[in-house]
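Descriptive analysis of the structure
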Amino acid sequence: MRALVVDPAAPAKLRLDEVPEPVPGPGQVVIEVQHSSLNAAELYFAERSQPGTVLGFDAAGVVVRAAEDGSGPAVGSRVVTFAADGGWAQRRAVDVIDLAVVPESVGLAEAATLPVAGGTALRALWQAGPIAGRRVLVTGASGGVGSFAVQLAAIAGAYVIASVGSPESGKGLDELGADEVVLGPENVDGPIDVVIDNVGGPQLATAYGLLAPGGSLQSVGWAAGEPAVLAPGSTLGRPTPVSITSVYNGSGLTDRPAQLEALLRLVAAGRLTPKIAWRGPWDRIAEAADALANRRLRGKAVLDIHTS
């Protein structure tokens, strides 16, 4: 079968090649992949993985081989999946614990955006606890995780402040549920109960300083590529503790079906909108990777996988 493989000499370190068919293990189905989405971590691994590695966390498609133990969906089911690799291939073997059946009203391209970006935003908000009526700041709000976090926080009843890097990046975020759109957390007025931080670096330090008593900062990404330096004494002397929590959506995945099913229900109901900023065939991976690496995407990039 065909797959995108790591090649240090290729544009974006990725090229199409022939690879062996997947061999499913116990409790795994095989899907014919129709769409996958692109995440920043995959570009990181493309720089560091062995040549020939097949990357790809997110993949949506149709089950072509059911699990031999009888678990999971039947052949012909439309599903969305997550795994540590293998999503950028024509077929993927994946654990039934890491997939969900996609409702007929939801497109598979839209579903492919959900596992990492939507799941990370959802996990961060779940970890933050009840947020109805609370002030939630989302940094890097125009990106894949950020646009989901804005919507999910608004759905949960929060007052949502979306922080972006430019006026152009902020366009449309009010339609997704943002009550305010600001240029950087330094322009936020008043204390914040929850921060969903996609940027790291100086913005994380600024956002930390905005936390109200008992507030929490969920560290989701580090697009800044710079250290976060907290002012001396800024972690001391608060009458009520605040916290910083790291959110990594690839760990502790026993709730993967619950996450995916919750997101799919919201999409099917028209309450959650996957924001696809780039979509094209997978042989244009270098173009999509360049747009992501240079922060030109206002949402997710989706690869259409050729199945023949």
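Given the structure is predicted, the values throughout are model-derived calculations rather than measurements.

Definitions and cut-offs
Residues numbered from 1 in each chain as written. Predicted model: local features only at pLDDT ≥ 70, side-chain atom pairs only at ≥ 80, totals over all residues. Heavy atoms only, no water. Buried < 20%, exposed > 50% of the residue type's maximum accessible area, 1.4 Å probe, protein only. Helix = DSSP H or I, 4+ residues; strand = E, 2+ residues; numbered from the N terminus. Arc of directions from axis to C-beta. Contact = heavy atoms within 4.5 Å. Pairing = 2+ DSSP bridges. Axes fitted to C-alpha atoms, helices over the stretch in contact; angles between N-to-C directions.

Describing helix H7 (residues 285–293)
All of the buried residues along H7 are Ile-285, Ala-288, Ala-289 and Ala-291. Projected onto a plane normal to the axis of H7, the buried residues spread over an arc of 160° and lie on a single side. Packed against the buried residues of H7 are strand S1 (2–6), strand S2 (14–18), strand S3 (28–38), helix H1 (40–48), strand S14 (276–281) and strand S15 (300–304). Positive phi shows up at Arg-295, right after H7, with a value of about 60°.

Examining the sheet that holds strand S10 (residues 180–183)
Within the open sheet, the six strands sit side by side as S10-S9-S8-S11-S12-S13. Their pairing is parallel. Each of the sheet's edge strands pairs with one partner strand only, and the pair in question is S10 and strand S13 (243–246). Each strand axis lies, on average, 20° off the axis of its neighbour in the sheet, ignoring direction. Two strands pair when backbone bridges link them, and strand S8 (residues 135–139) and strand S11 (residues 192–197) are joined in this way by four bridges, in the parallel orientation. In the strand pairing of S11, Leu-137 is matched with Val-195.

Here we look at H1
For H1, the full list of buried residues reads Glu-42, Leu-43 and Ala-46. With its buried residues spanning 100° around the axis, H1 presents them on a single face. Projecting away from the buried face of H1 at angles above 90 degrees are the exposed residues Ala-40, Glu-47 and Arg-48. Looking at the buried positions of H1, the neighbouring elements they touch are S1, S2, S3, strand S4 (58–65) and H7.

Section: the environment of Leu-108
Among the structural elements, Leu-108 can be located in helix H2 (residues 108–111). Not counting residues within four places of it along the chain, the set of residues in contact with Leu-108 comprises Gln-34, His-35, Ala-60, Gly-61, Arg-78, Val-79 and Val-102.

Read these as spatial facts, not as claims about activity.
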